[in-house]
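Listed below, chain by chain, are the residues.
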Amino acid sequence: VKNKIYERRGVPKGSSGWPLIGETLDFIACGYTSRPVSFMDKRKHLYGKVFKTHILGTPIIVSTDPDVNKVVLQNHGNTFIPAYPKSITELLGQNSILQTNGYLQKRLHALIGGFLRSPQFKARITKDIENSVKLTLACWKDMHVIHIQEEIRKITFEVLVKMLISIGPGGDLDNLKRDFEEFIKGLICVPIKLPGTRLYKSLKAKERLLKKVERIVQERKLSIEESDGNGTPNDALDVLLYDNGEPNEKQCLPMDFICGNIIEMMIPGEETVPTAMTLAIKFLSDSPVALKQLLVENLELKRQKADSGDDYGWTDYMSLSFTQNVISETLRLANIINGVWRKAVKDVEIKGHLIPQGWCVLASFISVHMDEDNYEDPYEFNPWRWEKTGAAVNNTCFTPFGGGQRLCPGLELSRLEISIFLHHFVTTYGWIAEKDEIVSFPTVKMKRKLPIKVTPLSATVI
Ligand code: HEM
């Protein structure tokens, strides 16, 4: 009866599947195939672009419509709050940027976003990324087989920690990496918190991480106080410690809030960037024509730099137009974050669809990215398609970094990091990739970590 009332009021059509499990089994089964979007496609054809279903323990409205997704992401009037599975909410702090809403999220988002977009930061991090990429690439020469997905993480974790708390390579970084990896293993698990369970081990790892970060934060706070706190920020921690709140509030962010958020900000950056780099290598391995054009563009820049003797600046990397198109196409096809989950805190109507208070909504990015209404031959890796639209950063039909109020603050940093890696990798080595497959569930990965064999590019090519 309740369903009928909802339907009359405009709740999208759909099926709730079996009692308790709903349509979860089909959702997971599709996730394991090479076309995870088939779950959405089947229902889209039956019920329309916005439909209801019941997955992972929740009744949910799924939107595959870019206009509806846009409204959900904009979140005017704070109608939607983030909704994560229980294991994730247990592991995130209450004040984590990923799940808080309202004033604190906006303040933290603006602070971090502003810092990451600043030219000073980009100039400095460009050097750090270059160093890390070059050192790592140098080791690959002597390795028989390189599991790209694993090896690249050394670069990206180093960069992430540098940007957050300025720890360079060494024992402290390795310790932090070990605890962090243990911590995130529990993000998607059975949410039971007893000694020995996955969730319990992850919570313990978080305690250890917090202790380490607290020590670093205390030391930094002291040194800022000694220098009167008037310097320019070098990392995200400085940004949070320097911030004194709204002029009429003058309230410093609490210490436990800062420590927790430093750890939580590692989560969205840690796996996404290496996955994007790995998948770029995978798509390029399968597309020799695209690889050739990418190589020509990058060799040209390398030659210019060798002739002039100038250092690379971040704008050099970002102005490689074909390379940027390869990155856009990789992000479109890879769907590293396939959509975002929200919960409605009040009844809301979008394009005639009612989302009742308390219901979850999944704004499905993958459905938009793989829809032939939006992209011709959506399953083709075709970097040239972006030549018509211009280098896409974010628009209604292209949202790898989300949008609206929570648009990823790491967007530009990620693109820069991927560009630097691609530049040095393709102009240093040729490679042969072993056979491997992309898996999409629970997160996007290469089944065999993408094993490749590299050979230095011969002097005649360079
Ligand atoms: C290819 C790499 C990346 C992808 C695809 C990606 C994707 C996303 C997406 C889709 C969101 C929106 C989540 C939502 O609306 O609930 C997001 C948020 C976020 N991302 Fe990224 N991200 C990437 C890299 C990074 C990096 C390197 C950082 C490091 C600073 C980062 C930090 C964040 C943070 C802090 C948020 C939360 C923003 C907020 O809720 O206000 N991301 N990311």
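For the structure itself, look to the data block above.
**Student:** Could you clarify how one ought to interpret the overall build of the protein chain in this entry?
**Tutor:** A count of helical and extended segments in the protein chain gives 20 helices and 12 strands. Computed over C-alpha atoms, the radius of gyration of the protein chain comes to 23 Å, within 12% of the 23 Å expected from 2.2 N^0.38 for 462 residues, which places it in the range of a compact globule. If one aligns the C-alpha atoms of the protein chain with their principal axes, the spans along those axes are about 75 × 55 × 45 Å. Split into buried and exposed, the 462 residues of the protein chain put 50% on the buried side. Of the contacts formed within the protein chain by residues at least 6 apart in sequence, a portion of 70% connects residues at least 24 apart. Here the protein chain holds 59 positive side-chain charges and 55 negative ones, and the gap between their average locations is 5 Å.

**Student:** Please explain the environment of Lys 44 as it appears in this structure.
**Tutor:** Mapped onto the elements, Lys 44 comes out in helix 3 (residues 38-47). Residue classification places Lys 44 among the buried residues on the basis of a relative accessible area of 13%. For the pair Lys 44 and Tyr 312, spaced 268 residues apart in the sequence, the C-alpha separation amounts to 47 Å.

**Student:** Before we go on, may I ask you to explain the sheet that holds strand 12 (residues 451-456) in this structure?
**Tutor:** Sheet architecture is open: three strands sit in the order 4-12-9, paired in antiparallel fashion. Both outer strands of the open sheet, strand 4 (146-147) and strand 9 (429-433), are each paired with one neighbouring strand and no more.

**Student:** What am I meant to see in the nonpolar core here?
**Tutor:** Soluble, globular proteins show a tendency: their nonpolar side chains are buried together. One finds Trp 140, Phe 421 and Phe 425 to be the most contacted residues of the largest nonpolar core, which totals 113 residues. Among the elements that line this core, the one with the most residues is helix 8 (residues 148-165), at 10 residues. Apart from the residues lying within four places of it in its own chain, the contact partners of Trp 140 are Ile 146, Ile 148, Glu 151, Ile 152, Phe 421, Phe 425, Tyr 429 and Val 454.

**Student:** Would you mind going over the site of the ligand with me for this structure?
**Tutor:** Around the ligand, the surrounding shell holds 23 residues, and the nearest of these are Gln 105, His 109, Arg 342, Arg 406 and Cys 408. The side chain of His 109 places a nitrogen or oxygen atom 2.5 Å from an oxygen atom of the ligand. At a separation of 2.7 Å, an oxygen atom of the ligand approaches a polar side-chain atom of Arg 342. For the shell around the ligand, the secondary structure elements donating two or more residues are helix 6 (103-117), helix 8, helix 13 (266-270), helix 14 (272-285) and strand 5 (339-344). Broken down by element, the residue count for the shell around the ligand peaks at three residues, all from helix 6. Among the residues making up the shell around the ligand, the classes are represented as 14 nonpolar, seven polar and two charged.

**Student:** Please explain the pattern of salt bridges as it appears in this structure.
**Tutor:** Between side chains of opposite charge, a pair can form when the charged atoms approach closely. Considering all chains together, one arrives at 33 salt bridges under this definition. Close ionic contact of Glu 90 with Lys 193 constitutes a salt bridge, the shortest N to O distance being 3.2 Å. Of this pair, Glu 90 sits in helix 5 (residues 86-91) while Lys 193 sits in the loop between helix 9 (171-184) and helix 10 (198-226); the two residues are 103 residues apart in sequence, bridging distant segments of the chain. Judged by its relative accessible area of 25%, Glu 90 is partly exposed. Put simply, Lys 177 and Glu 181 hold a salt bridge, and the shortest N to O gap is 3.1 Å.

**Student:** Please explain the packing of helix 15 (residues 288-308) against helix 17 (residues 321-334) as it appears in this structure.
**Tutor:** Two quantities define a packed helix pair, namely the angle between the axes and the distance from one axis to the other. Closest axis-to-axis distance for the helix 15/helix 17 pair is 8 Å, and the angle between their directions is 140 degrees. It follows from the interaxial angle that helix 15 and helix 17 lie oblique. Taken as a pair, helix 15 and helix 17 cross one another with a handedness that is left-handed. Where helix 15 approaches helix 17, its residues Ala 290, Gln 293, Leu 294, Glu 297 and Asn 298 are matched on the opposing element by Ser 321, Phe 322, Thr 323 and Val 326. Residue composition of the contact of helix 15 with helix 17, by class: four nonpolar, four polar and one charged.

**Student:** What exactly am I supposed to notice about helix 3 here?
**Tutor:** For an α-helix the count is 3.6 residues per turn, leaving residues at separations of three or four pointing the same way. Residues of helix 3 that are buried: Phe 39, Met 40, Arg 43 and Lys 44. When helix 3 is viewed along its axis, its buried side chains cluster within an angular range of 125 degrees and face the same direction. For helix 3, the exposed residues lying more than 90 degrees away from the buried face are His 45 and Leu 46. Residues of helix 3 that are buried in the fold lie against helix 2 (24-31), strand 1 (50-55), strand 2 (58-63), strand 8 (360-364) and helix 18 (365-369). Backbone geometry just downstream of helix 3 places Gly 48 in the positive-phi region, at approximately 110 degrees.

**Student:** I'm lost on helix 20 (residues 411-426) in this one. Help?
**Tutor:** The terminal C-alpha atoms of helix 20, which comprises 16 residues, lie 23 Å apart, in line with the 22 Å expected from a rise of 1.5 Å per residue. Counting buried positions over the 16 residues of helix 20 gives 15, a clear majority of the element.

**Student:** Quick question: what am I supposed to make of the packing of aromatic side chains here?
**Tutor:** Each aromatic ring pair is described using two quantities: the centre-to-centre distance and the angle formed by the ring planes. Enumeration according to the criterion identifies 16 aromatic pairs in this entry. Look at Trp 140 and Phe 421: their rings are 6.3 Å apart centre to centre, the planes differ by 70 degrees, and that puts the pair in the edge-to-face class. With Trp 140 in helix 7 (residues 119-140) and Phe 421 in helix 20, the pair connects residues that are 281 residues apart, well separated along the chain. By the burial criterion, Trp 140 is buried, and Phe 421 matches it. Taken together, Trp 140, Phe 421, Phe 425, Tyr 429 and Trp 431 form an aromatic cluster joined through their ring pairs. We note Arg 35 situated over the ring of Tyr 379; from NZ or CZ to the ring centre the distance is 3.6 Å. Over the ring of Tyr 312 we find Lys 305; its NZ or CZ atom is 5.9 Å from the centre of that ring.

**Student:** So what exactly am I meant to see when it comes to a nonpolar patch on the surface here?
**Tutor:** A cluster of nonpolar side chains, namely Trp 18, Leu 20, Ile 21 and Leu 25, defines an oily patch on the protein surface of about 540 Å² accessible area. In this structure, Trp 18 sits in the loop between helix 1 (2-9) and helix 2.

**Student:** Got a minute to help me understand the coordination of the iron atom of the ligand in this structure?
**Tutor:** Ideal coordination angles are 109.5 degrees for a metal with four donors arranged tetrahedrally and 90 or 180 degrees for a metal with six donors arranged octahedrally. For the iron atom of the ligand, the protein contributes exactly one donor atom, Cys 408 (SG), at 2.3 Å. Structurally, Cys 408 can be placed in the loop between helix 19 (385-389) and helix 20.

Criteria and thresholds
Residues numbered from 1 in each chain as written. Predicted model: local features only at pLDDT ≥ 70, side-chain atom pairs only at ≥ 80, totals over all residues. Heavy atoms only, no water. Helix = DSSP H or I, 4+ residues; strand = E, 2+ residues; numbered from the N terminus. Rg over C-alpha atoms; globule rule 2.2 N^0.38 Å. Buried < 20%, exposed > 50% of the residue type's maximum accessible area, 1.4 Å probe, protein only. Contact = heavy atoms within 4.5 Å. Lys, Arg positive; Asp, Glu negative; His and termini not counted. Charge placed at Lys NZ, Arg CZ, Asp CG, Glu CD. Pairing = 2+ DSSP bridges. Core = buried A, V, L, I, M, F, W, Y, C linked by side-chain atoms within 4.5 Å. Near = heavy atom within 4 Å. Polar contact = N/O pair within 3.5 Å; in protein donor to acceptor, adjacent residues only side chain to side chain. Nonpolar A, V, L, I, M, F, W, Y, C, P; charged D, E, K, R; others polar. Salt bridge = Lys/Arg side-chain N within 4 Å of Asp/Glu carboxyl O. Axes fitted to C-alpha atoms, helices over the stretch in contact; angles between N-to-C directions. Parallel < 35°, antiparallel > 145°, perpendicular 65-115°, else oblique. Left-handed = near helix turned anticlockwise from the far one by under 90°. Arc of directions from axis to C-beta. Expected span 1.5 Å × (residues − 1). Phe/Tyr/Trp six-rings, centres within 6.5 Å; stacked < 30°, edge-to-face > 60°. Lys NZ or Arg CZ within 6 Å of the ring centre and 35° of its normal. Patch = residues over 30% accessible without salt bridge, like charges linked within 9 Å, V, L, I, M, F, W, Y side chains within 5 Å. Areas by Shrake-Rupley, 256 points an atom, 1.4 Å probe, with all protein chains shown as cover. Donors = N, O, S within 2.8 Å, 3.2 Å for Na, K, Ca; no water.

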